[in-house]
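# Structure assessment
Okay, here's what each chain looks like letter by letter:
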Amino acid sequence: MPPATLDLARIRSEFPALASDTVFLDNAGGSQVLARVADRIRHYLLHDNVQLGASYLASQQAGDRVLGARRAVATLVNAVHDDEIVMGPSTTALIGTLVDALRPGLQPGDEVIVTESDHEANIGAWARLAQVGVVVRIWPVDVPSLGLRLQDLDPLIGPRTKWVAMTHASNILGTVNPVAEVARRAHPVGARLCVDAVAYAPHRLVDVQACEADAVVFSFYKVFGPHYAVLWVQRDLLLSLPSLNHGFIGPEVIPYKLQRGNVNYELSYGCAGIADYLKDVGTELGAVGDDRARMQLAFDAFARHEDALAEQVLGWLRERRGVRIMGLPSVTAGERVPTISFVVEGRHSEAIVRQVDAHGIGIRFGDFYAKRLIEALGLEKQGGVVRISIAHYNTAEEIGRLLMALDEAMG
């Protein structure tokens, strides 16, 4: 029996913005928001907007909603314990919080490894540890292959390595990186792994256990939700960290000790709608089993649909003279997500994008805060890359419209 396919009309009805004439193909910058997420936020603000922790009924009910949302996010990422879930304003802020909590336990001469291809969110906070004597080592991108090669990582890992920080999928190259293999190299020397899953989470079901990392972080606004984010930290590690909250909040109070000023109640509650959506899509596709099984079937269908659209774009780009695709040039067995970047010989990337703008199509140019990667590839003078980023709610017709606009813009 063939795999179930998405009912795109049904899918798109969940996202009110898609009723407009705009073609949204800047999804790696921020996805469209589910109506059910916005409805939850509105409901909380209008009906549950009280301080948590009081004895009266409305406060208890509001607390149940916020805790229920944390449990839903724990299921979404496959956390063993829901109190491993730290929520906050952004991926950048949450990685900064994690590094702040780690700093007292690091000594001069300890080492951290960051990559040359990550978004700055998972580089900057780690690099600032150099101010306290931590040695920051760079895992370089292999320019010919545009990949992070394990053989280039191996010489960097040693007895003083404390953390490796890397992206699960590049927000420019689209490449899915072997994070579990990196964990298996880091853990034997006592090092830990922090994974930025921002560019991965909209396209694959995050599994913090399978990736074998010690911390995983991503932003919900890339995954059909509000401007909010989640940091998962393995429970024993989380318990070992000092409290960054009020002085009387002890290190045993997790996750609150890293949620300075507490979570945003309404955004937390809204984010539970993402998990509900994924479960409902899986059920409609015929999934049986628990919530994770239903979400997995949804993401399997997303990936098949996105791969077909990505190959529609990649195939067109492969036929164009003077075009360099930044990343794998075709869809291959889960090795890339549908974030497609390219440059055109002799053309500034901004000029191409601005011509496409006139067609009501949202794509983008630049370095996308992966500035070190753009510099390593020598693309600064070209204005970075042109980036097309597809989501599961996009259609083949929208891709056709994009390619016609690109054909006109690229001449």
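What this report covers is the structure whose coordinates are included nearby.

About the criteria used
- Residues numbered from 1 in each chain as written.
- Predicted model: local features only at pLDDT ≥ 70, side-chain atom pairs only at ≥ 80, totals over all residues.
- Heavy atoms only, no water.
- 1 Å grid on protein atoms, 1.4 Å probe; cavity = no way out; pocket = protein on both sides within 12 Å on 5 of 7 lines; lining within 4 Å.
- Points joined across faces, edges and corners; volume = space filled by probe spheres on them.
- Nonpolar A, V, L, I, M, F, W, Y, C, P; charged D, E, K, R; others polar.
- Domains from an automatic or database assignment.
- Helix = DSSP H or I, 4+ residues; strand = E, 2+ residues; numbered from the N terminus.
- Contact = heavy atoms within 4.5 Å.
- Phe/Tyr/Trp six-rings, centres within 6.5 Å; stacked < 30°, edge-to-face > 60°.
- Buried < 20%, exposed > 50% of the residue type's maximum accessible area, 1.4 Å probe, protein only.
- Lys NZ or Arg CZ within 6 Å of the ring centre and 35° of its normal.
- Polar contact = N/O pair within 3.5 Å; in protein donor to acceptor, adjacent residues only side chain to side chain.
- Pairing = 2+ DSSP bridges.
- Axes fitted to C-alpha atoms, helices over the stretch in contact; angles between N-to-C directions.

## Observations regarding empty space enclosed by the protein
Summed over all chains, the structure comprises four cavities of 30 Å³ or more. In this model, the largest cavity occupies a volume close to 80 Å³. The wall of the largest cavity is formed by 13 residues, among which N27, A28, P202, H203 and K222 lie closest to the centre. In the lining of the largest cavity, the residues fall into seven nonpolar, five polar and one charged. Among the domains, domain 1 (8–32 + 291–410) and domain 2 (38–274) are the pair contributing at least three residues each to the lining of the largest cavity.

## Quick look at the environment of L8
Among the structural elements, L8 can be located in helix α1 (residues 8–12). Separated by 114 residues in sequence, L8 and N122 have C-alpha atoms that sit 34 Å apart. Setting aside anything within four residues of it in sequence, one finds L8 in contact with H305, H392, Y393, N394 and T395.

## Some points on the packing of aromatic side chains
Scanning the model with the defined rule gives eleven aromatic pairs in all. Ring centres of F218 and F220 lie 5.7 Å apart, and the angle between their planes is 75 degrees; on these two criteria the pair is classed as edge-to-face. Exposure class is identical for F218 and F220. Each is buried. Summarising the aromatic geometry, the rings of F224 and Y393 are spaced 6.3 Å apart at their centres and angled 65 degrees between planes, so their arrangement reads as edge-to-face. Of this pair, F224 sits in the loop between β7 (215–219) and β8 (229–233) while Y393 sits in the loop between β13 (385–389) and α13 (396–410), and the two are 169 residues apart along the sequence. Connected via pairs of aromatic rings, a cluster forms that spans F15, F224, Y277 and Y393. Stacked on the ring of Y269, the Lys or Arg R40 has its end atom at 4.4 Å from the ring centre. The ring of F368 has R387 sitting right over it, with the charged end atom 3.8 Å from the ring centre.

## A look at the side chain of E398
Relative to the helices and strands, E398 is located in helix α13. Separated by 2.9 Å, the side chains of E398 and N394 make a polar contact.

## Remarks on the sheet that holds strand β2 (residues 85–88)
What the seven strands build is an open sheet, ordered β2-β8-β7-β6-β5-β3-β4; its pairing is mixed. Where the open sheet ends on each side, the last strands, each with one partner, are β2 and β4 (135–139). Neighbour to neighbour, the strand axes of the sheet diverge by 20 degrees on average, direction disregarded. Two elements, β2 and β8, share four bridges in a ladder whose sense is antiparallel. Residue pairing in the sheet places M87 in a bridge with V230 of β8.

## Observations regarding the environment of P188
The topology assignment puts P188 in the loop between α7 (179–186) and β6 (192–196). Along the chain, P188 and T22 lie 166 residues apart, while their C-alpha atoms are 50 Å from each other.

## Examining the sheet that holds β13
Strand order in this open sheet of four strands is β9-β10-β13-β12, and the pairing throughout is antiparallel. Single-partner strands in this sheet number two, and they are β9 (323–326) and β12 (364–366). Going from strand to strand, the sheet's axes swing by 30 degrees on average, the running direction of each strand aside. Pairing geometry for β9 and strand β10 (residues 339–344), over four bridges, is antiparallel.

## A short note on the layout of surface pockets
There is about 560 Å³ of room inside the largest pocket. Looking at the lining of the largest pocket, the elements that each hand over two or more residues are α4 (91–102), α5 (124–127) and β12. Its residues placed into classes, the lining of the largest pocket shows ten nonpolar, 13 polar and eight charged. Residues from two domains meet in the lining of the largest pocket; each of domain 1 (8–32 + 291–410) and domain 2 (38–274) gives at least three.

## So, unusual backbone geometry
Note on backbone geometry: most residues besides glycine have negative phi, and most peptide bonds are trans. Residue P255 is reached from I254 by a cis peptide bond, and omega for that bond is 0 degrees. Its place among the elements puts P255 in the loop between α8 (235–240) and α9 (265–284). Positive phi outside glycine occurs at N78, with the angle close to 65 degrees. Structurally, N78 is set in the loop between α3 (57–77) and β2. With a phi close to 65 degrees, Y369 is a non-glycine residue in the positive phi region. As for its position among the elements, Y369 is in the loop between β12 and α12 (371–376). By relative accessible area, Y369 is classed as exposed at 59%.

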